[in-house]
Amino acid sequence: MSDELRTDMIQTTAPRPGISRRLGLSAAASIPAAALGLVGIRGARAADASDSTFDRVRGTKILRIAVLPGELPYFQKDLATGEWSGAAIAMAQDIAKVFDAKLTYLESTYGNSVLDLQSNKIDLAFALNPTPARALSIGFTDPMITHPFGCLARKGLAPKVWDDLNKPELTVVFDIGSLHETVARRYCPKANLVGYKTRDECTLALQSGRADAHVQAALLGLSTVGKNPSLGPYYLLTDPTVALPSSMGVQREPDTRFREVLNAWLQMNRGTGQIREWMLDGVAKFGIDRKQLPPNLTF
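A brief structural summary. Predicted, not measured: the structure shown is a model, and the values here were computed from it. Here the residue index of a chain counts from 1 through its sequence in written order. Totals for whole chains, interfaces and linings use all residues, but because this is a predicted model, local features are given only for residues with pLDDT of at least 70 and pairs of side-chain atoms are given and counted only at 80 or more. As a convention, hydrogens and water are excluded, and side-chain values are obtained from all of the structure's heavy atoms.

Some thoughts on the pattern of salt bridges
Worth spelling out the cut-off: By convention in these notes, a salt bridge is any Lys or Arg side-chain nitrogen within 4 Å of a carboxyl oxygen on Asp or Glu. Here a strand is any run of E in DSSP of at least two residues, a helix any run of H or I of at least four, and the numbering for each starts at the N terminus. Burial here depends on accessible area, computed with a 1.4 Å probe over protein chains only, as a share of the maximum for the residue type. Under 20% is buried, over 50% is exposed, and the range in between is partly exposed.
Here the structure, examined in full by the defined rule, presents ten salt bridges. Among the ionic pairs, Asp100 bridges to Lys61, the shortest N-O distance being 3.8 Å. Of this pair, Asp100 sits in the loop between helix H5 (87–98) and strand E4 (102–107) while Lys61 sits in the loop between helix H4 (53–60) and strand E1 (62–67); the two residues are 39 residues apart in sequence, bridging distant segments of the chain. Exposure remark for Lys61: the relative accessible area of 36% places this residue in the partly exposed category. Here Arg290 ties to Asp281 by a salt bridge, and the two come within 3.4 Å at their closest N and O atoms. Residue Arg290 is classed as partly exposed on the basis of its relative accessible area, which comes to 42%. Connected through shared salt-bridge partners, Asp55, Asp255 and Arg257 make up one network.

If you want it as structure tokens, here you go:
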């Protein structure tokens, strides 16, 4: 991106005593019109930067979103064509229609999309848990989906409730520092709890027999089964049902109209079941048939 034009590059010389007013006007007239217009350009850019998201999207007809490579069911990039698909892309396309806008994409991560909102690089980020720490710096819509938790388990173990894992003879694994760890420690405190740096390491522990169960949120668990069918099925655990909201992230700003439009959009599409359909279409990209989904899984 080119540097912003600066008005302090324009230099004028004050007329010397005795020079007629007419000459002074002529000197001013000799400054190129394009240079004189720089102040206006910079002022317009400043105004654009200070516009609310609602005004900016409606004015530019562009909706900027974060896209996350490899994060199904929300995002998938076709490496051959560069085209994006997935549940979040379908939702974004529908939201863009509301504003009569086109989509532009910025490749990011879940963590960086929060920073991208703060720095005004994007207008909208999908599938963020509205944690208190994040809420200090960005705004959130109403929940997009409520994301339930469960596990993958070794053959011969078919848990239905959390107490089925809460046994000293069972080894339960999770990725360190995640919500999976929080849930495992809260509901399986009697189990032999083992943390790994990544979800892939947890999957390897389960495959090699070093773990009896791997705690995961539903969509991540289904993704793991899609990549490793022999690990299925995914078990959605209850008693209690543990679920956290997943929302859209927006810029924190005094003007709430953009968020109000998104909330109205969410209420309508959740009520009609359309968001569930988009999510199920995204899950299908794992290679998971709808018949393989836990019967009590809802979005």
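Back to the write-up after that little detour.
Considerations on unusual backbone geometry
Each neighbour pair has its own omega, and for Leu72 with Pro73 the value is 10°, a cis peptide bond. Looking at the element boundaries, Pro73 is found in the loop between E1 and strand E2 (76–77). The step from Asp239 to Pro240 runs through a cis peptide bond, and the omega angle for that step is 10°. A positive phi is found at Asp100, a non-glycine position, where the angle reads about 55°. Here Ala127, not a glycine, exhibits a phi torsion of approximately 60°, which is positive. On the secondary structure map, Ala127 appears in strand E5 (residues 125–128).

Concerning the packing of helix H11 (residues 257–271) against helix H12 (residues 274–284)
To keep things clear, this is the line we draw: Angular values range over 0 to 180 degrees, each being the angle between N-to-C directions of two axes fitted as lines to C-alpha atoms, with helices fitted over their stretch in contact. Angular relationships are summarised with four words: roughly parallel below 35 degrees, roughly antiparallel beyond 145, roughly perpendicular across 65 to 115, and oblique for the angles in between. What makes two residues a contact is simply this: any of their non-hydrogen atoms within 4.5 Å. Side-chain classes follow a simple rule in which Ala, Val, Leu, Ile, Met, Phe, Trp, Tyr, Cys and Pro form the nonpolar group, Asp, Glu, Lys and Arg form the charged group, and the remainder, Gly included, forms the polar group.
Taken N-terminus to C-terminus, the directions of H11 and H12 make an angle of 75°; their axes are 5 Å apart at the nearest point. If you check the angle between H11 and H12, you find them roughly perpendicular. Touching Trp265, Leu266, Asn269 and Arg270 of H11 are Gln274, Ile275 and Trp278, all from H12. Partitioning the contact of H11 with H12 into residue classes produces four nonpolar, two polar and one charged.

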